Every structure is written in C-alpha cells, then in structure tokens.
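Residue strings, one per chain:
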Amino acid sequence: MDVIAPQSPALSSAFDDWFARRGWTPRSHQLAVLAAARAGGHVLLTAPTGGGKTLAGFLPSLLDLAERPAERKARLHTLYLSPLKALAIDIRRNLETPVNEMGLPIRVETRTGDTPQARRQRQRNNPPDILLTTPEQLSLMLSYRDSDRFFADLRYVVIDELHALAGVKRGDLLALGLARLTTLAPGATRIGLSATVARPAALTRYVGCGATARLISGGPGPRPEIGILSSRTRVPWAGHMARHALPEVMAAIDRHATSLVFVNTRAQAEFVFQELWRLNQDNLAIALHHGSLSPEQRRKVEAAMTRGDLRAVVCTSTLDLGIDWGAVDLVIQIGAPKGLSRLVQRIGRANHRLDAPSRALLVPSNRFEVLECQAAAEAVMVGELDGDEPRPGTLDVLAQHILGMACAAPFRPDALYDEVRRAQPYAGLPRETFDDVVDFVATGGYALRRYERYHRLTRDADGCYAVANGLVARQYRMNAGAIVAEPMLKVRLKRGRELGQIEEWFIEQLAIGDTFIFSGEVLRFEGLREMTAIVTRATGADAKIPSYYGGKFPLSTYLAARVREMLAEPERQRRLPAQVREWLKLQRWRSVLPAADGLLVETFPRGDKHYLVAYPFEGRLAHQTLGMLLTRRMERAGHGPLGFVASEYALAVWSLREPDGLDALFEEDMLGDDLEAWLAESNLMKRTFRNVAVIAGLIDRRYPGQEKSGRQVTFNSDLIYDVLRRYQPDHVLLRATYADAATGLLDIRRVADMLARIQGRIAHRRLDRVSPLAVPLMLEIGKEPVYGQAMEDLLGEAADDLIDEATRLL
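Small disclaimer: the values here were computed from a predicted structure and weren't measured.

## Some words on the overall build of the chain
Tallying secondary structure elements over the chain gives 30 helices and 27 strands in all. Looking at the chain residue by residue over its 810 residues, the buried ones come to 58%. Counting only contacts in the chain whose residues sit at least 6 apart along the sequence, the fraction spanning at least 24 positions is 74%. Here the chain displays about 32700 Å² of accessible surface, and carbon together with sulfur accounts for 50% of that area.

## A short note on the packing of helix 15 (residues 395-408) against helix 25 (residues 683-696)
Running from N to C, helix 15 and helix 25 cross one another at 20 degrees; their axes reach a closest spacing of 7 Å. In this view, helix 15 runs roughly parallel relative to helix 25, as classed from their interaxial angle. Crossing geometry of helix 15 relative to helix 25 is assigned as right-handed. Listed contacts from helix 25 to Asp 396, Val 397, Ala 399 and Gln 400 of helix 15 are Val 692, Ile 695 and Ala 696. Residue classes in the contact of helix 15 with helix 25 are distributed as 5 nonpolar, 1 polar and 1 charged.

## A look at the sheet that holds strand 20 (residues 532-537)
Taken in spatial order, the 5 strands make up an open sheet running 17-16-20-19-18, and their pairing is mixed. Among the strands making up the open sheet, the edge pair consists of strand 17 (498-503) and strand 18 (515-518). Pairwise comparison of adjacent strand axes, ignoring direction, gives a mean angle of 45 degrees for this sheet. With 4 bridges connecting them, strand 16 (residues 488-493) and strand 20 associate as parallel partners. Within the sheet, the bridge partner assigned to Arg 492 lies in strand 20 and is Ile 534.

## Overview of the confidence of the model for the chain
For the chain, per-residue confidence averages 83 on the pLDDT scale, and 86% of positions sit at 70 or higher. For the stretch residues 783-799, pLDDT sits under 50, and the model shows 18 contacts to residues farther than four places along the chain or on other chains.

## Brief notes about the environment of Ser 556
Within the secondary structure, Ser 556 is located in the loop between strand 20 and helix 20 (557-568). As a C-alpha pair, Ser 556 and Glu 648 span 92 residues in sequence and 10.0 Å in three-dimensional space. Sequence-distant contacts of Ser 556, defined by excluding residues within four places in its chain, comprise Lys 338, Gly 339, Asp 386 and Arg 750.

## Topic: the packing of aromatic side chains
What describes a pair of aromatic rings is the distance from one ring centre to the other and the angle between the planes of the rings. The final tally for this structure, using the stated rule, is 14 aromatic pairs. Centre to centre, the rings of Tyr 417 and Phe 434 are 5.2 Å apart; their planes meet at 50 degrees, and the pair counts as tilted. Separated by 17 residues along the polypeptide, Tyr 417 in helix 16 (residues 413-420) and Phe 434 in helix 17 (residues 431-443) bring together distant segments of the chain. Both residues of the pair, Tyr 417 and Phe 434, belong to the buried class.

## Details of the side chain of Glu 109
Among the structural elements, Glu 109 can be located in strand 3 (residues 108-110). Since its relative accessible area comes to 9%, Glu 109 is described here as buried. A distance of 3.1 Å separates the side chain of Glu 109 from the side chain of Arg 122, its partner in a polar contact. Leaving out residues up to four positions away in the same chain, Glu 109 has contacts with Arg 92, Arg 122, Gln 123, Pro 128, Ile 130, Leu 131 and Leu 132.

## Brief notes about the environment of Arg 307
Among the structural elements, Arg 307 can be located in helix 12 (residues 295-307). With 20 residues separating them along the chain, Arg 307 and Ala 327 place their C-alpha atoms 9.6 Å apart. A polar contact of 2.7 Å, which involves the side chain of Arg 307, links it to the side chain of Asp 309.

## Focus on the nonpolar core
Leu 79, Phe 151 and Phe 666 are the most contacted members of the largest nonpolar core, which has 105 residues in total. For this core, the element with the most residues is helix 15, which contributes 9 residues. Each residue touching Phe 151, except ones within four places of it in the same chain, is listed here: Leu 76, Leu 79, Leu 138, Met 141, Leu 142, Leu 181, Leu 184 and Ala 185.

## Re the sheet that holds strand 9 (residues 259-262)
With respect to topology, 6 strands assemble into an open sheet ordered 8-13-12-9-11-10, the strand pairing being parallel. Each edge of the open sheet carries a strand with a single partner, namely strand 8 (225-228) and strand 10 (286-289). Put simply, the sheet's adjacent strands are angled 20 degrees from each other on average, direction ignored. Of the strand pairs in this sheet, strand 9 and strand 12 (residues 330-334) are connected by 4 bridges, and their pairing is parallel. Looking at the pairing, Ser 259 lines up with Leu 330 of strand 12. Where helix 11 (residues 266-279) meets the sheet, its contacts fall on strand 9, strand 10, strand 11 (312-315) and strand 12, and the angle it forms with strand 10 comes to roughly 170 degrees. Sheet contacts for helix 13 (residues 340-347): strand 8, strand 9, strand 12 and strand 13 (359-363); angle to strand 12, the most-contacted strand, approximately 145 degrees.

## Some details on helix 21 (residues 578-590)
The end-to-end C-alpha distance of helix 21 is 18 Å, a good match for the 18 Å that 13 residues give at a rise of 1.5 Å each. Within helix 21 the residues assigned to the buried category are Val 580, Trp 583, Leu 584, Leu 586, Gln 587 and Arg 590. Around the axis of helix 21, the buried residues are gathered within 155 degrees of arc, so they sit on the same side.

Criteria and cut-off values
Residues numbered from 1 in each chain as written. Predicted model: local features only at pLDDT ≥ 70, side-chain atom pairs only at ≥ 80, totals over all residues. Heavy atoms only, no water. Helix = DSSP H or I, 4+ residues; strand = E, 2+ residues; numbered from the N terminus. Buried < 20%, exposed > 50% of the residue type's maximum accessible area, 1.4 Å probe, protein only. Contact = heavy atoms within 4.5 Å. Areas by Shrake-Rupley, 256 points an atom, 1.4 Å probe, with all protein chains shown as cover. Axes fitted to C-alpha atoms, helices over the stretch in contact; angles between N-to-C directions. Parallel < 35°, antiparallel > 145°, perpendicular 65-115°, else oblique. Left-handed = near helix turned anticlockwise from the far one by under 90°. Nonpolar A, V, L, I, M, F, W, Y, C, P; charged D, E, K, R; others polar. Pairing = 2+ DSSP bridges. pLDDT = per-residue confidence, 0-100. Phe/Tyr/Trp six-rings, centres within 6.5 Å; stacked < 30°, edge-to-face > 60°. Polar contact = N/O pair within 3.5 Å; in protein donor to acceptor, adjacent residues only side chain to side chain. Core = buried A, V, L, I, M, F, W, Y, C linked by side-chain atoms within 4.5 Å. Expected span 1.5 Å × (residues − 1). Arc of directions from axis to C-beta.

So, in structure tokens, the structure goes:
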C-alpha cells in the first residue's frame, strides 16, 4: 500500500488561526492529501468513518481559493460528488462554517434533484466556487451544450463515499462522467474519499481514470465496541421484525443520549417506529427517516438531529453514509446486517470521531440471524471486510452516456471510445461492443431500426454522430440516471401536505377505507387522484405495512461462508445464547449440522407430501433461482414438485413423491438447458430487461407533462423483450440483461459458484419428520404476514412442539 509520508505544506494564516482556536492539529493523512493534490496528483484517501476524510478532500480547494481570490473568475473551481442528496446538503453546512468564520469570499452551493430549475439555470450562468452534487446531476450537466464552458476552469473534483458507488450502475455512470471531465478539464485533480475497503487498488484505478492515483491510508482507527442483544424473551425461530426485542431496544435508547436505529427495509422502518412509539412511555423524541418520505420530512429530521433535538432516529440506508452527527453514541442494527462493509459503515455513524470507538448493538430477529450477527461481529473485530470483485461496466449505462454526450455536441466514435476507456469499469471494453452500443443508440439495433421512434442519433458524411432532434435531448434529460425504482404514487393528506411516495402495486391492492402505516402514521386510503393517493389520518391496530420491491439486502458471500464455518466449528458456538445453542444441539440429535464446504440436504414426509430442504447459505435471490431450476429437474424426474420457498439461509421444495438421486439433481449442468428454458419464460428476466431498457433510454418513463404508469412500462418492455429474443437474440440490451441476471435479481453467478463448491460434498439425511433447522423455513410456507401476537403464538407453538418431542425422546 502506497502511504504518503506526512508533510507540512504551508497553511494560510487564516487556516492556522482557525485550527488553533479549536485546538485542532491537521492529521497526517490530511496533510498528505493536501501535499499530493497541490502537486497535481490524483489521490484516493481511505479512512474509517470520522477520520477527517471530508476536510482532507476540501483542504486543497479551500487553500487555493483563499490564497488566490483575485485570480478567480465566474467559473466552477471545485466539484464535489456524493451518492446522497442529504450528504451534499450536510457537507455544505459543514463547509460554510470555516468559510464564514474566516471571512473567505467563497460561494458554496448544492445541486440535487430537489433544486429549483431557476437556481439550476443561475448556477449554469454564474457558477459557484464549489458545487456539491450527485452522479445523476453531473450526467445532466455534461449533456448541456455549454458544458465545455462550464467545466473549463475546474481545478478539483472531490468524490465522497466512493466505496458506495464503485461496483454498481451509479458508479458506472459516475466513472463515465469523470472520464468526460478529463477531456473538458484535463488539469483538474481528482480526490477520492472512501471508507476502508477490502480492495483499495480497484478504487485507486477508478479515481485515476487512466492516469496514476496515489493511495493514502488514514489508518484503521480504534476497534468498535459491538454487543449482540441476548434477549430475555424467547428468540423467534422465524420472522424479520424483531418484535420480541423492541422493549429492550427502547430501554437501550433510554440509556443513551442519541441513537441511530438501522433497519434493512422501509417496511421494517415503519413497523419498528410504530412499535417503539407505542413503548415510549417517557415520550422521548424519536423520528423516522427513509427514502420514500417526502424530501421536506427528511430534511426536517436531519435538521432536528443536527440541533440535538432527537433521542433516536429509525432509519434505512438513507443514513448509511457520512452525515456528521457527532452526538450519536449508539448505533442499533435491527436484523442481521447481511454484509460486513455495510455493518462497518453503519457502526461508524456512532462517535463520529477518529479517536473514539464506535458503539453498536446488533438485534437479531430470529435464530438464524443470531448466527449471522455473531459471525459479523467476530469478523469486524478482527478487521475483516467483504466486497465483490470489480466487474465490467454495464452496457445500458454506457448507452445512456453516449446519448448524453450526443446531446452536448456531435461526437466521433474513435474519440469517444478512447474517452470511455479511461473510465475504470470500461477499461477493457472491446471496440466491437462499443460500436454495437452506438448503433443501438442511433437506430435501436437490427430488430428495431424500422421504427422511427428509436432513431435517436444521426450520422453525417464525416462519420460524426449528433442527437436527432431537440425532443430526444429533452427526453434524455427527463429520464437520465441509473436508479430504476418501482413505479411510485405520491401520498398526500386530503386538504394537506405530501407525505412521500409508495409503490404503485401496493396502492392498487387497497380498497377505499383500508388503513396502512406510512410516514410514522396510520392512514386511511380515500382514493386515487391521477398519480396521487389521497389519505386521511386514522387509528387502528390492523393497518397494513407497505412493502417494497428490491428493498432487501442479499446475504454477502463472505458472511455466508463465515456462518457455515461457525456451524461446522463447535468451539465457536459456545459464544451463542443458550436458546440458540439448544437449537443447534437438537439439530445434531435429529440430523446433522451443515459442513463449511458442502451442502446438507434433508428429506422427510409431512402430511401427504414429501419435503426436500437444502442449506446453501447463499442468500434469498440465489436460493429462489436454485428453487426454480430444481423444481424443473424434479418435474422431469417424475417427483411431482408442487412448490418451493426460499430464505437467506435455506431452500425447501415439496413434492408428491420422495426425491432421490440428489447428486444428479444438483449437477452443475443445471445451468445449461434448464437455465435457458427457464429464462425464456421467467418474469424475473423480463423485469430485469425492463430495468435495463429504462436505463438505456429505449423506454422513457417520463414525458413532458406526464408519466407512464408501471403497467404501461411493463407492457411496452415485455413486447420489446419478446421481439428481441425472437429476431435479435444477441441484441445489446439482451446482453446487458443476461449480465445483470448473473448478479442481480437472479444471482446466477452465485448459484454457479455454489454448485461447483458442493460437487461430491452433498450430505443427505433421510428423516422421519422435520428437523430443527428446517422449522423456520417450514413456517414460511403459505404464510401471510400477520403482525402482532398471532405470529408470535404460531411460531412459539411450533417451536414448543418440537422441543417437547425432542425432550420426550431424549
């Protein structure tokens, strides 16, 4: 690792005084970034949360602007890029403190999706010195015809929370934008800021954009203090809401000054907030924060947290990243974290200082999650991290970028190809693939070129491509971005304010008079008005909780492996709570515990059906794909499969006849003809294609003055999908869809790795009844979500029956 030695570049007297008044001494890594950046070198700084990364990133800009105010023009000096709008707003507030106190003539502004159009236009005509924005807004700014003028004098580009962007489509979009900036502002210095990551070299190449970037480490920081709640009540065998533990969570909030209560989904956030509020006998100030709430509501919560007015905030990943709330002294994670890097990021929100350990409390919602939480805590304490290998950039994002560049100015394919390859995710892009993407953007591809609506670029005699007309450019700017959310409807109080947005499919299930929980309130559905759900405030304990597609994090490959290792090592199980140790003891008596490098498969009769339960520990998405492929094989083998259910840890298939020949059922060739036949009819594959088509601009969701419904988008994308599969199976968008399927909704790559790992290592146990490990999965079969004591009673009865039987037989 290239760690630059601390240096002492001269700070201006204003900065010397400002640091001295606060008793601060710039840290060595901050000075190292300053020295490298002012020498013109690109830099990646990795440091734990609270390591002063943001100050390090801005020191070169602030000093440059302070030392040479007379040389400044009405041009943009520094561009700051953040994955979150809230983070950009928070950074502006933190930046303005030293700027104002030192009397520096520096203008700092933000531009996000919420910025009024008039202010955006003013910023284009009279740019601030420092502009704080997001990857999507950078793409829009690069698509304007005056983008070359706007960015011509850019000196610094600061990319914050880079680890959250690299490896996802928003990161691909940002990488292409950075590559464009190397053309428009070749002298600009790039400074990447990231949490400590498993593979820093890949991020260094990302910041470099084809040039050399230096890696600076801010050090590991103190080890966090992590506790796992050992509930006094019975830990459920299944379920995801942790209702049993919420009284103890409320007590932890009461004992601490300020807590962040993280959950993994928006549905969990609404439920946990309601339950904590019900338990809040002392009327502590507790707030709710997630991405579906209105921007005004989120800003209100953030401002209250900054002022220190709140004791706790129940939140999702919207608060994972860098907002500086130093008063937070406890992070509570409800449910298993699903990944080490995510857990480290969330824990770092507590005691947001480099010299103080962060404190966290993990709250498992069921017994399998106890194992996951224990495995995660052990890994964090020894400094381990997870993270996927870098993957190639996606073709749908590339198509969007090419169209954006055409909106800015005509381009020559050779020059644009060279520019695109400076972006780290596209460094290995073959020229033939690039040309295919350009042809798709220009004509729609072979199968669609007869339709005029897909002709978005024109080509002149010299081979230059230009946008076909102004409408194409307007459509691009209305639909740009790499985030494809499910179709949303606004939620507005009758004769009142907007509360936020809920997915269209959930609202379609409601009848007038139904109640549901949203924005921390019980609401009564009064009807639809265009794209808005009208509601009134209500009461009632039987209100529904909205759920959201794509809201669940998959269990990371690394953490899954650690859980399997824990099950295979009895010594490590001694740290587990007594209830969980007893559960595993019963499993060893009834069957066997899964091996670390193999696959346990149990078969048993129940009622008039036969059940096969496998324990791959590869995450829900991979298990769902495995279930679809496995049932196809069982159908051909004559086992009569009737259905399957998948969890993060296991998969259960039930059939009319007892399955046999398990080695053949789990052969790797499952991913051959079986996979192709399933993909041909899979709704998940069509859904993946729909997302790809929206990002690539083939399907526009928004038009001037209107927005397509989810049904309209799905109908159009399904028709195009069928046409392309029939007439052009190698179409660019189908290739992009297959690549997405490998790691996205279908997680095919992980299934392939699992099948390779277990060959010759399948342990089959034929049982006469359900095993303890299988109980949580069996409880998922045919289950409707019942929130309240009924669910706890059902789970408790099932658990008690099994324990009583085991005790009697033992």
